[in-house]
Amino acid sequence: MYAFNYHRAKTVADALKLYKKADDPKFLAGGHTLIPTLKQRLARPSDLIDISGIATLKGVKVSKTAVTIGALTPHVEVATSSAVKKAIPALAGLAEEIGDPQVRHRGTMGGSVANSDPAADYPAAVLGLGATIETNARKIEADKFFKGVFETALKDGEILTKISFPVPEKAGYMRFDQPASRFALVGVFVAKFKGGVRVAVTGAGPCAFRVPAMEKALSAKFAPEALEGITVPADDLNSDIHGSAEYRAHLITVMAKRAVAAAK
Amino acid sequence: MPAVSMTVNGKKVSADVEPRTLLVHYLREHLGLTGTHVGCDTSQCGACVVHINGESVKSCTVLAAQAEGAKVTTIEGLADGDKLHPMQEAFREHHALQCGFCTPGMVMSAIDLVKKNKNPSEKEIREWLSGNLCRCTGYHNIVKAIAAAAQTMRG
Amino acid sequence: MSATGIGAPVRRIEDYRFLTGRGTYTDDLNQPNQAHAYILRSPHPHARIKGIKTAKAAKAKGVIAVLTGADVVKDDLGGLPCGWQVTDRHGKPMVEPPHPILVSDIARHVGDQVAVVIAETHQQARDAAELIEVDYQVLPSATSTAAAAKKGAALVWDQAPNNLCYDWILGDEQAANAAFAKAKHVAKVDIVNNRLIPNAMEPRAAVGVYDAAKDHYTLHTTSQNPHVIRLLMAAYVLKLPEHKVRVNAPDVGGAFGSKIFHYAEEAIVTWAAKKVRRPVRWTAERSESFMSDAHGRDHVTHAELAIDANGKFLAMKVYTIANMGAYLSTFAPCVPTYLYALLLAGTYTTPTIFCEVKAVFTNTVPVDAYRGAGRPEATYVVERIVDEAAKVTGIDAAEIRRRNFIPRDAFPYQTPVVVQYDSGDYQSTLDMALKQSDYAGFEKRRAESAKKGKLRGIGLSTYIEACGIAPSAVVGSVGARAGLYESALIRVHPTGSVTVLTGSHSHGQGHETTFAQLVSERMGVELKNIEVVHGDTDKIPFGMGTYGSRSLAVGGSAMVKAMDKIIAKGKKIAAHLLEAAEADIEFKDGTFSVAGTDKKKALAEIAGAAYVPHNYPINELEPGLEEQAFYDPSNFTFPGGCHVAEIEIDRDTGVVQLVNFVAVDDVGRVINPMIVEGQVHGGVAQGLGQALLEGCVYDADGQLITGSYMDYTMPRADHLPTLKVSTHNTLCTHNPLGVKGVGEVGAIGSPAAIMNAVHNALAPLGVREIQMPATPERVWRAIHGARRAAE
């Protein structure tokens, strides 16, 4: 790690003030994306503003229509929340599969989403459920949030505060692991709402994306066989030693079918 | 340099450290608690697992400053005098360690599993260990030891 | 069998310190006033260093010194030596290029050492290393094993045309061809033995200490053989008097071969410690380990087997290209030759074998012995081609093995590839493994899997390996520049407790327990009164270290010899004290007695008399009770056995899951069955890793793609089923313990069993050959390709 200054923020306002004062600051939440990046010396922030102590950004609230998760809620809390399990079991299941137990104890939902790692799990749920991302300044629709590799609609110094996930009739998430890192090589989140079906994919492209052809087919008939023959073109998909674009394209259909079959 | 203070294995400690000091390095270099190991630089191997406020975490992915005020338990803090913790005892009984390097992290991780799941199945144990790498044992005896320790700890 | 002697599953003595966080690994050894070293490494696979500017780095905060290749040249340091010289098919010695500890002209692989910064803290050293300006002229590179010797490949060394280190043969190709002409069937395989990156969980580390008052150096290092490191570093690299250098290998967190070799960093910290007059400490970050620990395997092989109408093997021909990497690591040249071709007979009576090995240089990390070293590669060739033979002849895979096994009563058995096997019972290990794996019931399980939409396969490997590499004179005649004996010193203290000083080194094997059991059994001393000491050249008289599963067979035998000397001396003392003839003295369970009487003396009493020689045959015997022995084996040992793997494949994704694994191994006499089983478990996990998960990848530009755990797949707990491991042992006939060795059998036998199972599952689809690691995409492509071909 390069040297940096460290600050602890008690409130969102406090964090914003510290952010403005620093040259090239970064917010630090659970640190399970940022610290590995710093250890590899892939980033060189002048200041880290530790927001993990801001109590208002933590916790899970469940209503009949939405599950709202504070940005600083660690994955383990979402995974084990009986209210989340009841309202959107696929969301709890997704959180249960992130990284490993120790990562889930520290890593936060906000950190994961704000970072938009192409292989992270949460973006699939955010997009697949059509969630609303709230920041200190505004609300952003999921469809307008993910912009590219590690790129989101968040502006410099904007803090993601919570995300509100609409409760679907049923939803499923299925991930195919990149064997070494166990991030998603391909992850597919499928959600069935009264008004239709949403299908979101992570791991396969520069950032999470939806698959309209699958949504259409599943809206007509919510069953694995409805996806038969529907594939995502390989052209724009990621390709690496663990999976060519062609293989990823194939896996999207396989995982989508399995997500539908597993949807609850 | 900012001061950090925390409770490690029941003892209050504090020191001035560079902000970029990781908790694992604070434990090893400043406190001389070298039982917690560093086996990778990508937060995957789990040799560095300790408990922060009772929960297993990777101390290579936490700044010392982030543990301000926390209760930290390391492998050195488990045994009661000469009496091993049931998990340590089970690892010994079932030959769940060879070179011993991953062992502290394995034990700390396993204790947290059994705290959360008093009667884990073989599958649950194997899945829980996804964040702990071992190159010696093939995990076989580690899984056996954790199941046995869980039984002992259930009483 | 006593509760603590040979054959007892004694719980390990060393575990208490490891379980309580009190193990002492090299990186735990903080020295007063220590400085930290950071190595700047080449980011290029092949580049000329046109200039290095270090001024900025030298002035950076906390920096004590910056050293480069120019300093190495100025101080007239030698390069890292190679310990084995292979002579090629024309009688020419291999090409042996220099291996500098810091390169001054050309960097030859990503990770090659270019400079070292020594600073007050590790972070400061690393910060300063970024300020070193290296002017690289990037050169074309060669990284592919198969293509390195082809026309147009970039040259790694000017002195090695076609990148050839050596072109070596064993056997008579014409005789083999003649046998092939008579064959009814010919089986052929083209296989890749994938390059593995060792990944012992403890990264390598080294601490150099210089004591100016005594002009004495200490190197604490992560090593399997500290005396060898002392010899190589003192005599060849730093040119120091050997008696002024202590090398200490304390607790070592796994090694698997990768910590045999003398590495540049060991010499660098020792050299630098004198230069800066401070202890200098270096610990690899994991990403450094990936690009600086010697890698393993990396063969490309074409093999053919001639078979007669009855399924008997007539002859085998094997053509292998073996990747050496950019430099010759300590034992690299012997791995694809003497540790490989000599095992190509396997457990079979194949009368004629020819093997050609072309060793090539590439711009990659050096390749050397790793967890099986040569023998997994040989086993993979033999056991894959035997399965192919089963296929081409239509004979069951178990049956064709049975027809070709060396019979039980044929030992000692002279193979056509130099070695003579001393004992074995391959029929029984096969039969037991088939029974335990319910081989007969497999088709039913295959049908059940098919109902779930899964492909199922079963695979066998009836392997053999060679341990305890020896004798020194023989290995010397084929190029070893070292002897391969072991030493032991047994010290009986005046009170009768015992210290065992061994040249073997334990880094997970549990020697502190098994060696103590051995001594307890033979000397009748309680375990709690025995301490096994290893790893420190200032304590241990000499040692060749631990590798090639040699510790019990060679190190244990040295202990037996030393104990026999103690007992012989004890008998003389007892005869004197008991006023009896020496010939009448018996020794049993720690007591010397006069045969046929109740006159006796305990070992402790004898020891007391030896150290307080008031009543003592002082004219004939020296006081004291301490004996040393060296043991140089008369032959290798030959563990073998049968591994059976059963796998399931998810057709849609290509994921292979190992669902059952049975091992029945013949490891000779077992000292501690608990430890033996543990050794096999670990080896099998490595075998699974090689077969399904692990594989080092360089891209076309020579960059290491699998440079961290983000891209290099390590076996994890959920990859493995519960393993069914047992032994059926025949004794080694030529060492005093009858032991063979167990450290590597798991890694040697299992990859072929797992891959034979994968092939068995895919064969009905028409898939012929799939290479390791059988990753999901590879398997999916094989299924997909076969389906496409069928359509």
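Throughout this description, residue numbers start from 1 for each chain and increase along the sequence as written. To label them, take the chains in the order written and letter them from A, then take the ligands in the order written and number them from 1. Since the coordinates come from a predicted model, pLDDT governs what is reported: local features require at least 70, and pairs of side-chain atoms require 80 or more to be given and counted, while whole-chain, interface and lining totals use all residues. Only hydrogens and water are set aside; all other atoms, that is, all heavy atoms of the structure, feed into the side-chain values.

Looking at the overall build of chain B
(1) Moving on: Secondary structure summary: chain B contains five helices and five strands in total.
(2) Moving on: In this description a helix means any DSSP run of H or I spanning at least four residues, a strand means any run of E spanning at least two, and both kinds are numbered starting from the N terminus. Ordering the α and β elements of chain B from the N terminus gives β-β-α-β-β-β-α-α-α-α.
(3) Moving on: Here the globule rule reads 2.2 Å times residues to the power 0.38, and the radius of gyration is calculated from C-alpha atoms. Computed over its C-alpha atoms, the radius of gyration of chain B comes to 15 Å, within 12% of the 15 Å expected for a compact globule of 155 residues.
(4) Moving on: Seen along its three principal axes, the alpha-carbon backbone of chain B occupies a region of about 45 × 30 × 25 Å.
(5) Moving on: Evaluated residue by residue, chain B yields a buried proportion of 66% over its 155 residues. When accessible area is computed with a 1.4 Å probe and restricted to protein chains, residues below 20% of their type maximum are described as buried, those above 50% as exposed, and intermediate ones as partly exposed.

Some thoughts on the sheet that holds strand 20 (residues 498-502) of chain C
All names here are of chain C.
(1) Moving on: Taking strand neighbours across the sheet as the criterion, the four strands line up as 21-20-19-25 in an open arrangement whose pairing is mixed. Unpaired on one side and paired on the other, strand 21 (530-534) and strand 25 (626-631) mark the two borders of the sheet. On average, each strand axis in the sheet is inclined to that of its neighbour by 15°, with strand direction left out of account.
(2) Moving on: By definition, two strands form a pair when at least two bridges between them are found by DSSP. Here five bridges tie strand 19 (residues 486-492) to strand 20, and the two strands are oriented antiparallel to one another. Following the sheet pairing, Leu-489 is matched in strand 20 by Leu-501.
(3) Moving on: Strand contacts of helix 15 (residues 551-577): strand 19, strand 20 and strand 25, with the helix running at about 140° to strand 25, the strand carrying the most contacts. Axis definition: a line fitted to C-alpha atoms, limited for helices to the stretch in contact. Angles are taken between N-to-C directions and run from 0 to 180 degrees. Throughout, a contact is declared for two residues whenever any of their heavy atoms are within 4.5 Å.

Examining the nonpolar core
(1) Moving on: To form a nonpolar core, buried Ala, Val, Leu, Ile, Met, Phe, Trp, Tyr and Cys residues must be joined to one another through side-chain atoms within 4.5 Å. Within the largest apolar cluster, 206 residues are counted, with the highest numbers of intra-cluster contacts made by Phe-91 and Ile-146 of chain B together with Leu-344, Tyr-421, Ile-649 and Leu-762 of chain C.
(2) Moving on: The greatest single-element share of this core, amounting to 10 residues, is contributed by helix 18 (residues 745-762) of chain C.
(3) Moving on: Residues contacting Leu-762 of chain C, with those up to four places away along its chain left out, are Leu-455, Ile-649, Val-767, Ile-770, Val-779, Ala-782 and Ile-783 of chain C.
(4) Moving on: Formed by 49 residues, the second largest nonpolar core is a distinct cluster that contains Ile-566, Phe-587, Ala-609 and Val-739 of chain C.

With respect to the domain arrangement of chain B
Residues and elements named next belong to chain B.
(1) Moving on: The domains assigned to chain B are domain 1 (3-76) and domain 2 (86-154).
(2) Moving on: By convention here, the domain bounds are inherited from an automatic or database domain assignment. With centres defined by C-alpha atoms, the gap from domain 1 to domain 2 works out at 21 Å.
(3) Moving on: Facing the 18 residues of domain 1 at the interface are 16 residues of domain 2.
(4) Moving on: Joining two parts hides part of their accessible area as seen by a 1.4 Å probe, and the buried area is that hidden amount summed over both. Across the domain 1 to domain 2 interface the summed buried area is about 1200 Å²; carbon plus sulfur atoms make up 58%.
(5) Moving on: The largest per-residue losses of area from domain 1 upon contact with domain 2 belong to His-37, His-51 and Ile-75, which jointly make up 37% of the total buried on that side.
(6) Moving on: Any carboxyl oxygen of Asp or Glu within 4 Å of a side-chain nitrogen of Lys or Arg constitutes a salt bridge here. In this structure, the salt-bridge partner of Lys-116 is Glu-55, at a minimum N-O distance of 3.4 Å.
(7) Moving on: Polar contacts, as counted here, are pairs of nitrogen or oxygen atoms within 3.5 Å of one another; within protein the pair requires one atom able to donate a hydrogen and one able to accept it, and residues that are adjacent in sequence qualify only if both atoms are side-chain atoms. Along the contact surface separating domain 1 from domain 2 lie nine residue pairs in polar contact (both at pLDDT 80 or more).
(8) Moving on: Among the elements of the structure, strand 3 (49-52) and strand 4 (55-58) are those that each provide at least two residues to the side of domain 1 that touches domain 2.
(9) Moving on: Classifying every residue of the side of domain 1 that touches domain 2 gives six nonpolar, 10 polar and two charged. All residues other than Ala, Val, Leu, Ile, Met, Phe, Trp, Tyr, Cys, Pro, Asp, Glu, Lys and Arg, Gly among them, are scored as polar; the first ten of these are nonpolar and the last four charged.

Looking at the pattern of salt bridges
(1) Moving on: Applying the stated criterion across every chain, the model contains 78 salt bridges over all chains.
(2) Moving on: Between Glu-127 of chain B and Lys-123 of chain B there is a salt bridge, with its nearest N and O atoms 3.0 Å apart. Taken together, the residues Glu-127 of chain B and Lys-123 of chain B, both in helix 4 (residues 122-128) and four residues apart, mark about one turn of the helix.
(3) Moving on: Judged by relative accessible area, Glu-127 of chain B falls into the partly exposed class, the value being 40%.
(4) Moving on: Given the relative accessible area of 58%, Lys-123 of chain B is considered exposed.
(5) Moving on: Linking Glu-285 of chain C and Arg-126 of chain C is a salt bridge whose minimum nitrogen-to-oxygen distance equals 2.9 Å.

Remarks on the side chain of Thr-513 of chain C
Residue and element names in this part refer to chain C.
(1) Moving on: Among the structural elements, Thr-513 can be located in helix 14 (residues 511-523).
(2) Moving on: Judged by its relative accessible area of 0%, Thr-513 is buried.
(3) Moving on: There is a polar contact of 2.5 Å between the side chain of Thr-513 and the side chain of Glu-14.
(4) Moving on: Residues within four places of Thr-513 in sequence aside, it is in contact with Val-10, Arg-11, Arg-12, Ile-13, Glu-14, Asn-672 and Ile-675.

Notes on empty space enclosed by the protein
All names here are of chain C.
(1) Moving on: As defined here, a cavity is a set of points on a 1 Å grid over the protein atoms alone where a 1.4 Å probe fits but cannot get out. A pocket is an open set with protein on both sides within 12 Å along at least five of seven lines, and residues line them when an atom is within 4 Å of a point. Grid points are joined across faces, edges and corners, and a volume is the space filled by probe spheres set on the points. Counted under the stated rule, the structure contains eight cavities of 30 Å³ or more.
(2) Moving on: A volume near 160 Å³ is recorded for the second largest cavity.
(3) Moving on: Along the walls of the second largest cavity sit 19 residues, with Leu-80, His-99, Tyr-263, Ser-292 and Pro-366 positioned nearest its centre.
(4) Moving on: Here the residues of the lining of the second largest cavity sort into nine nonpolar, seven polar and three charged.
(5) Moving on: Composition of the lining of the second largest cavity by domain shows at least three residues from each of domain 1 (17-139 + 201-255 + 259-292) and domain 2 (299-469 + 635-790).

A short note on the sheet that holds strand 6 (residues 133-138) of chain C
(1) Moving on: Strand order in the open sheet formed by three strands is 4-2-6 (chain C), and the pairing between neighbours is antiparallel. Each edge of the sheet is formed by a strand with only one pairing partner; in this case those strands are strand 4 (106-107) and strand 6 of chain C.

Brief notes about the environment of Tyr-247 of chain A
(1) Moving on: Secondary-structure assignment places Tyr-247 of chain A in helix 10 (residues 245-262).
(2) Moving on: Residues Tyr-247 of chain A and Ala-204 of chain A lie 43 residues apart in sequence; the distance between their C-alpha atoms is 9.8 Å.
(3) Moving on: Residues in contact with Tyr-247 of chain A, not counting those within four places in the same chain, are Phe-176, Leu-185 and His-242 of chain A together with Thr-653, Pro-776, Glu-777 and Trp-780 of chain C.

Details of the pairing of strand 5 (residues 66-70) of chain A
Residues and elements named next belong to chain A.
(1) Moving on: Most of strand 5 sits inside the fold, with four of its five residues counted as buried.
(2) Moving on: As paired strands, strand 4 (residues 60-62) and strand 5 are joined by three bridges and run antiparallel to one another. Bridge pairing in strand 5 links Val-60 to Ile-69.
(3) Moving on: Counting the residues that bridge the hairpin from strand 4 to strand 5 gives three residues.

A closer look at the layout of surface pockets
Residues and elements named next belong to chain B.
(1) Moving on: One number sums up the size of the second largest pocket: a volume of about 1800 Å³.
(2) Moving on: Broken down by element, the lining of the second largest pocket gets its largest block of residues, six residues, from helix 4.
(3) Moving on: Classifying every residue of the lining of the second largest pocket by side-chain character gives 22 nonpolar, 11 polar and 17 charged.

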